[in-house]
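# Chains, contacts and geometry: an overview
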Amino acid sequence: MSRIGRKPIVIPAGVEVKVDEIEHSVTVKGPKGTLNSKFHPLMTVKVEGNEILVTRPNDDKEARSLHGLTRTNISNMVEGVMHGFEKKLEVQGVGYRVAKQGTQLVMNLGYSHQVFVPETEDIKIDVPDATTIIIKGIDKQKVGQFAAEVREKRPPEPYKGKGIRYAGEHIIRKEGKAGKGKK
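Residues numbered from 1 in each chain as written. Predicted model: local features only at pLDDT ≥ 70, side-chain atom pairs only at ≥ 80, totals over all residues. Heavy atoms only, no water.

## Topic: the sheet that holds strand β7 (residues 85-92)
Ordered by their spatial adjacency, 4 strands build an open sheet running β11-β12-β7-β13, and the pairing between neighbours is antiparallel. Every other strand in the sheet has two partners, leaving β11 (123-129) and β13 (163-166) as the edge strands with one partner each. Each strand of the sheet is rotated relative to its neighbour by a mean of 25 degrees, with strand direction disregarded. The pairing of β7 with β13 spans 4 bridges and is classified as antiparallel. Counted as the bridge partner of Leu89 is Tyr166 from β13. (Pairing = 2+ DSSP bridges. Helix = DSSP H or I, 4+ residues; strand = E, 2+ residues; numbered from the N terminus. Axes fitted to C-alpha atoms, helices over the stretch in contact; angles between N-to-C directions.)

So, in structure tokens, the structure goes:
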């Protein structure tokens, strides 16, 4: 049986969970906001006391693969409405810098123009300095997707390492062109 799927999800104080078995959806409401998600009809989600339990009907391959996924998704929803999620990006390169103007992220990334990325209603952008971007939100999937879209504007290149990278990401560097030997 799935070790992750078997673990109960503890509901912290201040978080309200509603399960709709007919529509196969879970609604989690907390201090930071409300999240709603559907789960697969094979899975059974129950709220018992201050715990959420996810069970599966049998040991079919599909049911086993969905068990841990469903439990982790619901756990991320509870974590998100309680504490939120954030991704930190670093900008490296001569002349590469970022700033925030109103609700837009303005990036100078070596192109002939500035790159603008607007905030959405569920994603907030913070720029503590000219080379750091912090993306915050309550939905882990949306935060990760938004961070990937910002990184896509100038991914790190392997020769000098210039570009936008995740904080702590290691870029494997390549050796440059080998010149002809001197005679």
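## A short note on the pairing of strand β4 (residues 33-38)
It is a general feature of regular strands that their side chains alternate between the two faces of the sheet. Across 6 bridges, the pairing between strand β3 (residues 25-30) and β4 is antiparallel. Following the sheet pairing, Ser25 is matched in β4 by Lys38. Hairpin connection, β3 to β4: the antiparallel pair is bridged by 2 residues.

## So, the nonpolar core
Considering soluble globular proteins, one finds that nonpolar side chains tend to be buried as a cluster. In this structure, Leu105, Met107, Ile133, Ile135 and Val150 are the most contacted members of the largest nonpolar core, which totals 20 residues. Among the elements that line this core, the one with the most residues is helix α3 (residues 140-151), at 4 residues. Apart from residues no more than four positions distant in its own chain, Leu105 is found in contact with Val98, Ala99, Val115, Phe116, Val117, Ile125, Val127, Ile133 and Val150. (Core = buried A, V, L, I, M, F, W, Y, C linked by side-chain atoms within 4.5 Å. Buried < 20%, exposed > 50% of the residue type's maximum accessible area, 1.4 Å probe, protein only. Contact = heavy atoms within 4.5 Å.)

## As for α3
Taking 1.5 Å per residue, 12 residues should reach 16 Å; α3 reaches 16 Å between its end C-alpha atoms and fits that length. Turning to α3, its buried residues are Val143, Gly144, Phe146, Ala147, Val150 and Arg151. Each buried residue of α3 lies within a common arc of 165 degrees when the element is viewed along its axis, so the set occupies one face. Tucked inside the fold, the buried residues of α3 contact β7, β9 (104-108), β10 (115-118), β11, β12 (132-137) and β13. The distance from a side-chain oxygen at the start of α3 to the backbone nitrogen of Gln141 is 3.2 Å, and the residue carrying that oxygen is Asp139. (Expected span 1.5 Å × (residues − 1). Arc of directions from axis to C-beta. Polar contact = N/O pair within 3.5 Å; in protein donor to acceptor, adjacent residues only side chain to side chain.)

## Overview of the pattern of salt bridges
The final tally for this structure, using the stated rule, is 6 salt bridges. Residues Lys18 and Glu16 are paired through a salt bridge, measuring 3.4 Å at the closest nitrogen-oxygen approach. On the basis of relative accessible area, Glu16 is assigned to the partly exposed category, the value being 41%. Among the salt bridges present, the one from Asp122 reaches Lys142, with a minimum N-O distance of 2.9 Å. Placement of the pair is Asp122 in the loop between β10 and β11 and Lys142 in helix α3, with a sequence separation of 20 residues. (Salt bridge = Lys/Arg side-chain N within 4 Å of Asp/Glu carboxyl O.)

## Some words on the environment of Leu53
Among the structural elements, Leu53 can be located in strand β6 (residues 51-55). Leu53 sits in the partly exposed class, given a relative accessible area of 24%. Distance in space between the C-alpha atoms of Leu53 and Arg6 is 7.6 Å, their sequence separation being 47 residues. Apart from the residues within four sequence positions on either side, Leu53 is in contact with Pro8, Thr44, Val45, Lys46 and Glu48.

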